[in-house]
Amino acid sequence: MRDTLKDLKHFENRLHFINESIEEFEQLIAENLHSENIDLSSGYLTLLGYYTTKINCLYSMGAPIEYIEDTFPKYLELFLKTWDKETGSYVQLLWTVSLGILLHTSDLELHQIENIIKEESFHDYLIDYLLHQRNKDWEITTQEVIFSSPYAMLIDVILEKNKEVAIDKLKNYLEKEWYKGHDDAGWHDSHKSKFNTYSGYWSYESGAIAKVLQLDDETLKNVPYYPYDLVHYRN
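Residues numbered from 1 in each chain as written. Predicted model: local features only at pLDDT ≥ 70, side-chain atom pairs only at ≥ 80, totals over all residues. Heavy atoms only, no water.

**Observations concerning the overall build of the protein chain**
Put simply, the rule is: Numbering of helices and strands runs from the N terminus, with a helix taken as a DSSP run of H or I at least four residues long and a strand as a DSSP run of E at least two residues long. We compute the radius of gyration over the C-alpha atoms and compare it with the globule rule, which gives 2.2 Å times the number of residues raised to the power 0.38. Only protein chains enter the accessibility calculation, which uses a 1.4 Å probe. A residue is then buried if its area is under 20% of the maximum for its type, exposed if over 50%, and partly exposed in between.
Across its full length, the protein chain carries ten helices and zero strands. Taken from the N to the C terminus, the helices and strands of the protein chain come in the order α-α-α-α-α-α-α-α-α-α. At 18 Å, the protein chain has a C-alpha radius of gyration in line with the 18 Å of a compact globule built from 235 residues. Seen through its C-alpha atoms, the protein chain measures out along the principal axes to roughly 55 × 40 × 35 Å. Expressed as a percentage of the 235 residues in the protein chain, the buried residues total 49%.

**Side note on the packing of aromatic side chains**
The following threshold applies: For this analysis, a ring pair means two rings from Phe, Tyr or Trp (six-membered ring only for Trp) whose centres lie within 6.5 Å, classed as stacked if their planes differ by under 30 degrees, edge-to-face if by over 60, and tilted for the remaining angles. Two limits define a charge over a ring: the Lys NZ or Arg CZ must be within 6 Å of the ring centre, and within 35 degrees of the ring normal.
Enumeration according to the criterion identifies 19 aromatic pairs in this entry. Here Trp-178 and Trp-187 contribute two aromatic rings whose centre-to-centre distance is 5.5 Å and whose plane-to-plane angle is 20°, an arrangement assigned as stacked. Residue classification places Trp-178 among the buried positions, given a relative accessible area of 0%. An aromatic cluster of at least three residues, connected via ring pairs, comprises Phe-11, Trp-95, Trp-178, Tyr-179, Trp-187, Tyr-198, Tyr-201, Tyr-204 and Tyr-225. One Lys or Arg, Arg-2, reaches over the ring of Tyr-59 and ends 4.4 Å from the middle of that ring. The ring of Tyr-44 carries the charged tip of Lys-81 above its face, separated from the ring centre by 4.8 Å.

**Remarks on unusual backbone geometry**
It is generally the case that most residues other than glycine have a negative phi and that most peptide bonds are trans. That bond from Ser-149 to Pro-150 is cis: its omega, 10°, falls within 30 degrees of zero. Among the secondary structure elements, Pro-150 is positioned in helix H7 (residues 148-159). The phi dihedral of Asn-196 is positive, around 55°, even though this residue is not glycine. By secondary structure assignment, the location of Asn-196 is in the loop between helix H8 (163-178) and helix H9 (204-213).

**Considerations on the packing of H7 against H8**
To keep it simple, the criterion reads: Here, axes are lines fitted to C-alpha atoms. For helices the fit covers the stretch in contact, and angles between N-to-C directions go from 0 to 180 degrees. In these notes the angle categories are as follows: under 35 degrees is roughly parallel, over 145 is roughly antiparallel, 65 to 115 is roughly perpendicular, and the rest is oblique. Contacts between residues were defined by any pair of non-hydrogen atoms, one from each residue, lying within 4.5 Å. Polar here means any residue other than Ala, Val, Leu, Ile, Met, Phe, Trp, Tyr, Cys and Pro, which are nonpolar, and Asp, Glu, Lys and Arg, which are charged; Gly is therefore polar.
In the contact formed by H7 and H8, the axes pass within 9 Å of each other and the chain directions differ by 170°. As far as their axial angle goes, H8 and H7 are roughly antiparallel. For the pair H7 and H8, contact is made by Pro-150, Tyr-151, Met-153, Leu-154, Asp-156 and Val-157 and by Ala-166, Lys-169, Leu-170, Asn-172, Tyr-173, Glu-177 and Trp-178, respectively. In terms of residue class, the contact of H7 with H8 is made up of nine nonpolar, one polar and three charged.

**Things to note about the packing of H8 against H9**
The N-to-C vectors of H8 and H9 enclose an angle of 175°; their axes lie 11 Å apart at closest approach. When the axes of H8 and H9 are compared, the pair comes out roughly antiparallel. Mapping the contact onto sequence places Lys-163, Leu-170, Tyr-173, Leu-174 and Trp-178 in H8 and Glu-205, Ser-206, Ala-210 and Leu-213 in H9. Partitioned by chemical class, the residues of the contact of H8 with H9 number six nonpolar, one polar and two charged.

**Examining the pattern of salt bridges**
Applicable threshold: A carboxyl oxygen of Asp or Glu within 4 Å of a side-chain nitrogen of Lys or Arg is what we treat as a salt bridge.
Scanning the entire structure with this criterion turns up eight salt bridges. As a salt-bridge pair, Arg-2 and Asp-229 come within 2.7 Å of each other at their nearest N and O atoms. Here Arg-2 is found in the segment before helix H1 (8-31), whereas its partner Asp-229 is found in helix H10 (residues 228-231), with 227 residues between them in sequence. For Arg-2, a relative accessible area of 19% puts it in the buried group. Note that Glu-160 and Lys-169 form a salt bridge whose closest N and O atoms lie 3.0 Å from each other.

**Digging into a negative patch on the surface**
To keep it simple, the criterion reads: Grouping into patches uses exposed residues only, defined as over 30% relative accessible area, and leaves out salt-bridged ones; the cut-off is 9 Å for like charges and 5 Å for nonpolar side chains (Val, Leu, Ile, Met, Phe, Trp, Tyr). Only the protein chains shown count as cover for residues, with accessible areas throughout obtained via the Shrake-Rupley method and a probe of 1.4 Å. Note on charges: Lys and Arg go in the positive column, Asp and Glu in the negative column, and His and the chain ends are not counted at all. To locate a charge, take NZ of a lysine, CZ of an arginine, CG of an aspartate or CD of a glutamate.
A cluster of acidic side chains, namely Glu-164, Asp-168, Asp-216 and Glu-218, defines a negative patch on the protein surface. Within the fold, Asp-216 resides in the loop between H9 and H10. The class for Asp-216 is exposed, based on a relative accessible area of 62%.

**A word on the side chain of Ser-21**
Condition: Polar contact is defined as a pair of N or O atoms within 3.5 Å, subject to the rule that within protein one atom must be able to donate a hydrogen and the other to accept it, and that residues adjacent in sequence are counted only when both atoms are side-chain atoms.
Relative to the elements of secondary structure, Ser-21 occurs in helix H1. A polar contact of 2.9 Å, which involves the side chain of Ser-21, links it to the backbone oxygen of Phe-17.

Put into structure tokens, the structure is as follows:
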């Protein structure tokens, strides 16, 4: 177990429900794939939500990272089908880039994400910075983040020359800003829901930044929301 808010049984039940829902929706999409009268976009978005939840559940319940790695290609396929800057979630984009870094995705998968961002003419410092760490030809086009709360604090982490201070700043972001800064998200406070929708709270971007900066993150190992095992996967 990596999560501390729910027990293993909760995540096993949640994952069972998600897997059944994925199977049902994938079958429905397959049956209507060639229909000219049915718009499948909402189905793809629903599936993306299920795969996002599945990744969170797998990590929360302590599953091997390889299980998440095996799930990511399908997640990415759905992300690429559905994301645009007008209606797509910034958090979803940031998590996708961050998970790509944490899971050591292939250059092809990374380029697919880059292509979407280029097509959408999307400019954000955190996204640019993380992509630049994997592909030095990727230009950092802006010094601004689209959502300053809570993400502006991460610019201070990135620009901090002293790595010990950088870790302290990242710890402060995790403990004081990250969860509070997402109080408008649908998953916020889901651990209190009577419908058992909670799948875990994880700041994947914090892990990606710690990884690319090669920070000594031992002090963050038990800090809420920090995906320590993902950061150290295949290091």
